Amino acid sequence: MTTETAQSAGATSTGASTITGARLLARCLKQQGVDFIFGVVGFPITDFAVDAQREGIRYIGMRNEQAASYAAQAAGYLTGRPQGCAVVSGPGVIHALAGLANAKSNLWPMILIGGASAIAQNGMGAFQEENQVLAAYPLSKYAHAIERADRIPYYVEQAVRATIYGRPGPAYLDLPDDVFTAEVDESAIRYAPVVPDPPRSAAPAENIEAALKTLKSAENPLVIVGKGMAWARAEDEVRDFIERTQLPFLATPMGKGVVPDEHPLSVGAARTLALQQADVIVLLGARLNWILHFGLEPRYRKDVRVIQLDIAAEEIGTNVPAEVALVGDGKAIVGQLNAALEQAPWQYPVETTWRSQLQQKIDANALVSAELTADRSTPMNYYVALQAVQDAMPRDTIIVSEGASTMDIGRTILMNHSARTRLDAGSYGTMGVGMGFAIAASVVNPGMRIVAVEGDAAFGFSGMELETMARYNLPITTVIINNNGIGGGLTELPKNRQSPPSVLLPGARYEKIAEAFGARGYYVTEPDDLPGVLAEANSGEGPTIVNVAIATQARRKPQQFGWHT
Ligand code: ADP
């Protein structure tokens, strides 16, 4: 299509009032519930970002497209509607693909809007020309170029629906420059209907019955709560189900908080034993992927029986055949289980060997952790640093967490009380998501102090987003658990500077990045100073960085199995 045809597709010669494709896109996104767009402006999307502001969308200008695309998906997960990311053509889109991949793996909604060179210049070697739809396609649930401005409402509706119906995921829309600038006759625009929130599909009654029958036959039952239940807003139903049945449960990393971590029936602190010895698992909105060790031996019993609830029928039976499949929406189906239990109440008995085995393990693990937390030596270990972060944590906050040991150990120490209050490296194991996630959490929850707990290596991916946080005066505390490297570094660089690959600059003063932007930075080396500094950093306005020097060779307490086995 030529520039002329792209423009004539929407324009008329009647002298009627017209709007540009860019403005129409902003309007359609707003109508469909896109309230936030994160991006980095430049050719050809600067005017679009301004139009988005005019249409009442909050535009957050970031420093790197990767971070912007991470922010958009976290905002989508938190709000329940896809939020937007707008990036320039070519390199901008390529950088943002990282976010699409992460959203596709995490099953989070977002819409990436990629500016593109003019259709009229396709194939000519245009400025930043790239076949962006092709690049985005394998990483998206829906990817399309908008070839005519008057079709914008249609494509936006398609993209929004794809992101939140069925299994959530990302969408990509390609916006060539000549479509952005095309004038559309306002009176001729056919707006698409607003996409309603996804329908909540229930399971057949016989499957509910079968699930409860299997459950009642269990000796060592275990409920696993995944982030699918957080996305489904099923927290009331899952809590009710746990209370009614008195079943022991554990949460996946981002399933934490659907039922509070501190609930007496939580066996998160005996995770390995619980997974290994359970004979019936009620798998609620979680995949048996690497995070759950595939559901296979030696991490599980060979004969483990699975009751699997998932919105995606194709997920049922992945890695382990499901004895009972509950296909549909988590909120609806756990509601059905509760209704059946209301009719015919059943509880897992109070006194069982299984319960006491789990409790013994929880108590033993608590002793080891308490010992590590009590160690006041300098430099600190992870447990001392993270326990201080937990003690200083505002109760109603969102915890962002990434890094290797920082995240794994943090998972057991940092407590979540509500659903969707933990954002971490997730299903894709992506490092570098933290700053974008924290910014998203903050703009979606104005006034809430967000706490991002970052390994020093993870922080390095997007440290410049401190400028974004400072510019918008976002109350975000970034705690950097600094061991001088990727999985631990050195206290000093070798004279010839030929360090092992995992080494980062010893004693790097990351908190000074905050100071560069007029924000507060703190450097802590002594365990006894940490509580006071964290309390200060968590109060007042704006972003803060607390750079905590820990032992370069600090480790996790010995595990029966490594996390990745
Ligand atoms: P986790 O990382 O917590 O284990 P996963 O992302 O691996 O969680 O799995 C989440 C699962 O939840 C996915 O298989 C997804 O299809 C499912 N899911 C997503 N939305 C819903 C919903 N509304 N109801 C039920 N299951 C859902």
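Note that the structure is predicted; figures quoted are calculated from it, not measured.

Visitor: How would you explain the packing of aromatic side chains if you had to name every residue and give the values?
Guide: With the rule as written, the count across this model stands at 7 aromatic pairs. On the numbers, 5.6 Å between centres and 50° between planes, the contact of Trp-108 with Phe-437 is tilted. Taken as a pair, Trp-108 in the loop between helix H5 (91-106) and strand E5 (110-116) and Phe-437 in helix H17 (residues 434-444) lie far apart in primary sequence, 329 residues in all. Given a relative accessible area of 0%, Phe-437 falls into the buried group. Aromatic ring contacts, followed pair by pair, group Tyr-70, Tyr-77, Trp-108 and Phe-437 into a single cluster.

Visitor: With reference to specific residues and values, describe the domain arrangement of the protein.
Guide: When the domains of the protein are assigned, the result is domain 1 (3-188), domain 2 (205-356) and domain 3 (375-564). If you average the C-alpha positions of domain 2 and of domain 3, the two centres end up 32 Å apart. Contacts between domain 2 and domain 3 engage 22 residues on the former and 19 residues on the latter. Between domain 2 and domain 3, the buried area comes to about 1900 Å², and carbon and sulfur atoms account for 54% of it. Considering only the side of domain 2, the residues that lose the most area to domain 3 are Met-254, Lys-256 and Trp-290, jointly responsible for 32% of the buried surface there. Viewed at the interface, domain 3 and domain 2 are joined by 1 salt bridge. In this structure, Glu-235 engages Arg-420 in a salt bridge whose closest nitrogen and oxygen atoms are separated by 2.8 Å. Connecting domain 2 to domain 3 are 12 residue pairs in polar contact (both at pLDDT 80 or more). Taken together, the elements giving at least two residues each to the side of domain 2 that touches domain 3 come down to helix H10 (227-231), helix H11 (235-245) and helix H12 (271-277). Ranked by residue count, the leading element in the side of domain 2 that touches domain 3 is H12, at 3 residues.

Visitor: Describe helix H3 (residues 46-54), listing the residues and the values that go with them.
Guide: All of the buried residues along H3 are Phe-48, Ala-49, Asp-51 and Ala-52. The buried residues of H3 occupy one face: seen down the axis, they fall within an arc of 160°. Set apart from the buried face of H3 by more than 90 degrees, the exposed residues are Asp-47 and Arg-54. After H3 finishes, the residue Gly-56 shows a positive phi value of roughly 90°.

Visitor: So what's going on with the sheet that holds strand E3 (residues 58-61)? Residues and values would help.
Guide: The 6 strands lie next to each other as E3-E2-E4-E5-E7-E6, forming an open sheet whose pairing is parallel. Both edges of this open sheet fall to E3 and strand E6 (142-145), since each of them pairs with a single strand only. When strand polarity is set aside, the average angle formed by the axes of neighbouring strands in this sheet is 20°. Here E5 pairs with strand E7 (residues 170-176) via 7 bridges, running parallel. What sits directly across from Leu-112, in E7, is Tyr-172. With respect to the sheet, H5 is in contact with strand E4 (84-87), E5 and E7, its orientation differing from that of E5 by roughly 165°.

Visitor: Quick one: what's the story with the side chain of Glu-465, residue by residue and with numbers?
Guide: Inspection of the secondary structure puts Glu-465 in helix H19 (residues 465-471). No salt bridge is formed by the buried Glu-465; its nearest oppositely charged neighbour, Arg-471, is found at 5.9 Å. In terms of polar contacts, Glu-465 uses its side chain to reach the side chain of Thr-468, at 2.6 Å. Look past the residues within four positions of Glu-465 in its chain and what remains in contact with it is Met-62, Arg-63, Asn-64, Ala-67, Met-435 and Ile-439.

Rules of the game
Residue numbers run consecutively from 1 along every chain, following the written order of its sequence. Totals for whole chains, interfaces and linings use every residue, but because this is a predicted model, local features are given only for residues with pLDDT of at least 70 and side-chain atom pairs only at 80 or more, for both listing and counting. Excluded from the side-chain calculations are hydrogens and water; all other atoms, namely the structure's heavy atoms, are used. Each pair of aromatic rings taken from Phe, Tyr and Trp, with Trp reduced to its six-membered ring, is defined by centres within 6.5 Å and is described as stacked if the planes are under 30 degrees apart, edge-to-face if over 60, and tilted in the remaining cases. Each helix is a run of DSSP H or I of at least 4 residues and each strand a run of E of at least 2, with the numbering of both proceeding from the N terminus. Each residue is placed in one exposure class: buried if its accessible area under a 1.4 Å probe, protein chains only, is under 20% of its type's maximum, exposed if it is over 50%, and partly exposed if it falls in between. Domain delimitation in this document rests on an assignment produced automatically or drawn from a domain database. The contact criterion used throughout is that any non-hydrogen atoms of two residues lie within 4.5 Å. What counts as buried area is the accessible surface, traced by a 1.4 Å probe, that two parts surrender upon association, with contributions from both included. By salt bridge we mean one thing: a side-chain nitrogen of Lys or Arg within 4 Å of a carboxyl oxygen of Asp or Glu. Think of a polar contact as two N or O atoms within 3.5 Å of one another; within protein, one of them needs to be a possible hydrogen donor and the other a possible acceptor, and neighboring residues in sequence only count if both atoms come from side chains. This arc is taken over the directions from the axis of the helix to the C-beta atoms. Any two strands between which DSSP finds at least two bridges are classified as paired. The axes are straight lines fitted to the C-alpha atoms, using for helices just the contacting stretch, and the angles between their N-to-C directions are given from 0 to 180°. For the charge count, each Lys or Arg is scored as positive and each Asp or Glu as negative, with His and the chain ends excluded.

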